[in-house]
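Each chain, written out:
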Amino acid sequence: MPAVQVFEDHSPSTETARPQPAWLAAEPAALILQPTSLCNLDCTYCYLPARKLKRDMSPTVAEAIASGIPDTWPSDGVLEVVWHGGEPLTIGVTAMRELLAPFEQVRRAGRIMHVIQTNATLISDAWCDLFDEYDVSIGLSIDGPPDMTGNRVDWRGEPAFDRIVAGISKLEQRDIPFTVIAVVDTANAGRARELLDFLASLGCPFVGINMEEKEGANKHDGTPTIDQARGFWRETFIWSQGNRQLKVREVEHLLEYLALPPAARAARVLVDPIPTIGWNGDTVLLSPELLGARSEKYHDFVAGNVLTDPLPTIIGRAAELRYVQEFRAGIERCIATCEFFAHCQGAYAGNRFFEHGNFLATETEHCRTSVQAVVLALHDIHSERSIAV
Ligand code: SF4
């Protein structure tokens, strides 16, 4: 899908899909799949409530997902099928092959690509064979050198760093590229250059920075303040100017946005429904973090199950869901009140719910530390340079 869509109705008019509200895309850029709920690690900031339970996706559910991808998807580019967990690799190579098999026809036709988001600790030659065979893109999680990665521990509380680096070495031996997600907390917010130097030394070409947030089951209190985040992004912009071999997601997004013609910068983007499909086929919309969450007001956030309904039908029901209706109203409030909206486009539903208990709220920690602070940091740099001139 294009990075920026103009604000208009792309509603399908098939028998299986109801008309879409004009603000929500009928077609997602990615499907998020949960091959298993289990994780072999117990990171202190993890938001997954059921990560100690082993509930694996069956090939029947994978077949339903694959066969439910309409012939018209993707209308542009390639649909990403992101295997997220739990830790996907705990399911084992044989079981993963059974989940990937139903997608082969669409993958070989070039319509989808697989992505596995892993903690890297279980990567072996057998997994590398599978990555090669199915042309899987690898995203892995590491937060920097050993002391910066201290929140990533196993169920005995032992640091996972050495096992993560062993997994990365295996990828390097097999010439398999990878990208990184790094979590930054209060303790590490002043160490941007160290983090980026470390990731560059691993041969990582692309990193997404997740400022720690209060989400789901995360009980760790490590969210940076907006000033800490602003300092982090300031250092990151300066580092990035001299080190283009490693691109930082948030820097690239802002620079891409600023490079747009003025009309495109002002355009509203259709919200991606981000269908997230659990091990049993249950599907939630708008935020992967809502999978497995419960609330008296919104119940289980489930919009449907792929065993009984095709994905376009589930997405077509979005407008009936209370949390989706509220999120839409929350975005309208952002438009009315927030000067960062054009770049932000309203951010993520999950942050609103986990911080405020509803979807009508506007500002969240995520927008302060990962949207507003990025823009303000670039502004700081420009101000300093114009004063120096
Ligand atoms: S920065 Fe926050 S308040 Fe502003 S548009 Fe984004 S989500 Fe809404």
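As shown above, the structure is provided for reference.
What you see is a predicted model; the values in this text were computed from it and never measured.

Reading the values: rules and limits
- Residues numbered from 1 in each chain as written.
- Predicted model: local features only at pLDDT ≥ 70, side-chain atom pairs only at ≥ 80, totals over all residues.
- Heavy atoms only, no water.
- Helix = DSSP H or I, 4+ residues; strand = E, 2+ residues; numbered from the N terminus.
- Rg over C-alpha atoms; globule rule 2.2 N^0.38 Å.
- Buried < 20%, exposed > 50% of the residue type's maximum accessible area, 1.4 Å probe, protein only.
- Contact = heavy atoms within 4.5 Å.
- Areas by Shrake-Rupley, 256 points an atom, 1.4 Å probe, with all protein chains shown as cover.
- Lys, Arg positive; Asp, Glu negative; His and termini not counted.
- Charge placed at Lys NZ, Arg CZ, Asp CG, Glu CD.
- Phe/Tyr/Trp six-rings, centres within 6.5 Å; stacked < 30°, edge-to-face > 60°.
- Axes fitted to C-alpha atoms, helices over the stretch in contact; angles between N-to-C directions.
- Parallel < 35°, antiparallel > 145°, perpendicular 65-115°, else oblique.
- Left-handed = near helix turned anticlockwise from the far one by under 90°.
- Nonpolar A, V, L, I, M, F, W, Y, C, P; charged D, E, K, R; others polar.
- Disulfide = S-S within 2.5 Å.
- 1 Å grid on protein atoms, 1.4 Å probe; cavity = no way out; pocket = protein on both sides within 12 Å on 5 of 7 lines; lining within 4 Å.
- Points joined across faces, edges and corners; volume = space filled by probe spheres on them.
- Pairing = 2+ DSSP bridges.
- Right-handed = clockwise from strand over helix to strand, strands pointing away.
- Near = heavy atom within 4 Å.

**Student:** What is the right way to look at the overall build of the chain in this model?
**Tutor:** Across its full length, the chain carries 14 helices and ten strands. Taken over C-alpha atoms, the radius of gyration comes to 20 Å for the chain, in line with the 21 Å a tight globule of 389 residues would show. A total of 389 residues make up the chain; the buried ones form 52% of that total. Considering only contacts in the chain between residues 6 or more positions apart, those separated by 24 or more positions represent 71%. For the chain, the exposed area adds up to about 16,800 Å²; of that, 53% sits on carbon and sulfur atoms. Taking the 34 positively charged and 52 negatively charged side chains of the chain as two groups, their mean positions are separated by 2 Å.

**Student:** Help me out: how do you make sense of the packing of aromatic side chains in this one?
**Tutor:** Applying the stated criterion across every chain, the model contains 14 aromatic pairs. Ring geometry for Phe-232 against Trp-233: centres 5.1 Å apart, planes inclined by 90°, an arrangement best described as edge-to-face. Of the two residues, Phe-232 and Trp-233, both sit in the buried class. An aromatic cluster is present here, built from Tyr-298, Phe-301, Tyr-323, Phe-353, Phe-354 and Phe-359 joined pairwise through their rings.

**Student:** Hey, could you run me through unusual backbone geometry in this one?
**Tutor:** Apart from glycine, the bulk of residues carry a negative phi angle, and the bulk of peptide bonds sit in the trans form. Of note, the bond from Trp-73 into Pro-74 is cis; its omega dihedral lies within 30 degrees of zero at -10°. Within the element layout of this structure, Pro-74 appears in the loop between helix 1 (59-67) and strand 2 (79-83). Gly-86 follows Gly-85 through a cis peptide bond whose omega is 5°. When you line up the elements, Gly-86 lands in the loop between strand 2 and helix 2 (93-100). Not every positive phi belongs to a glycine, and Phe-301 is a case in point at roughly 65°. Checked against the element boundaries, Phe-301 lands in the loop between strand 9 (282-284) and strand 10 (302-305). Overall, Phe-301 belongs to the buried group, its relative accessible area being 1%. For Gln-345, which is not a glycine, the phi torsion comes out positive at approximately 65°.

**Student:** It is not clear to me how the packing of helix 6 (residues 192-201) against helix 7 (residues 226-242) should be interpreted in this structure. Could you clarify?
**Tutor:** Packed helix pairs are specified by the crossing angle of their axes together with the interaxial distance, meaning the distance between the axes. Between helix 6 and helix 7, the least distance of the axes is 8 Å, while the angle of their chain directions is 45°. Taken together, the axis directions place helix 6 and helix 7 in an arrangement best described as oblique. Like other packed secondary-structure pairs, helix 6 and helix 7 cross with a definite hand, here right-handed. For the pair formed by helix 6 and helix 7, the contact residues are Ala-192, Arg-193, Leu-195, Leu-196, Asp-197 and Ala-200 on the first element and Phe-232, Glu-235, Thr-236, Ile-238 and Trp-239 on the second. Residues belonging to the contact of helix 6 with helix 7 are distributed by class as follows: seven nonpolar, one polar and three charged.

**Student:** Just checking my understanding: could you explain the state of the cysteines for this structure?
**Tutor:** When the sulfur atoms of two cysteines share a covalent bond, that bond is a disulfide. Counting across every chain of the model gives zero disulfides. The structure places no disulfide on Cys-46, whose sulfur is separated from the nearest cysteine sulfur, that of Cys-43, by 6.5 Å. Take Cys-46: its relative accessible area is 14%, and that puts it in the buried class.

**Student:** Before we go on, may I ask you to explain the layout of surface pockets in this structure?
**Tutor:** Unfilled space is identified by rolling a water-sized probe across the atoms. As a volume, the second largest pocket reaches approximately 410 Å³. Around the second largest pocket, the lining is made up of 25 residues, and of these Gln-34, Trp-279, Leu-291, Gly-292 and Ala-293 lie nearest the centre. Considering only residue class, the lining of the second largest pocket consists of eleven nonpolar, nine polar and five charged.

**Student:** Please explain helix 13 (residues 349-356) as it appears in this structure.
**Tutor:** The α-helix advances 3.6 residues per turn, and as a result positions three or four apart in sequence lie on the same side. For helix 13, the full list of buried residues reads Ala-349, Gly-350, Asn-351, Arg-352 and Phe-353. Note on helix 13: the residue one or two positions beyond its end, Gly-357, has a positive phi of about 80°.

**Student:** What should I look at first to understand the pairing of strand 2 in this one?
**Tutor:** On a regular strand, one side chain projects to one face of the sheet and the next to the other, so that they alternate. Counting buried positions over the five residues of strand 2 gives four, a clear majority of the element. Bridge count between strand 1 (residues 30-33) and strand 2: four bridges; the pairing is parallel. Looking at the pairing, Leu-31 lines up with Val-81 of strand 2. For the crossover that starts at strand 1, traverses helix 1 and ends in the parallel strand 2, the hand is right-handed. Pairing of strand 2 with strand 3 (residues 112-118), which is carried by five bridges, proceeds in the parallel orientation. Bridge pairing in strand 3 links Val-81 to His-114.

**Student:** Explanation requested: the site of the ligand in the structure shown.
**Tutor:** In the vicinity of the ligand, the contacting residues are Cys-334, Cys-338, Phe-341, Cys-344, Gly-346, Ala-347, Arg-352, Thr-362, Glu-363, Cys-367 and Gln-372. Those elements giving two or more residues to the shell around the ligand turn out to be helix 12 (341-344) and helix 14 (365-388). Here the residues of the shell around the ligand are counted per class, giving six nonpolar, three polar and two charged.

**Student:** I keep staring at the sheet that holds strand 9 and nothing clicks. Help me out?
**Tutor:** Backbone hydrogen bonds are what pair the strands of a sheet, in a parallel or an antiparallel way. Taken in spatial order, the ten strands of this open sheet run 7-6-5-4-3-2-1-8-9-10, and their pairing is mixed. Bordering the open sheet on either side are strand 7 (247-248) and strand 10, each of which pairs with just one other strand. Sheet topology note: the strand 5 (residues 178-184)/strand 6 (residues 206-211) ladder contains five bridges and is parallel. Each residue of the ladder has a partner; that of Ile-181, found in strand 6, is Gly-208.

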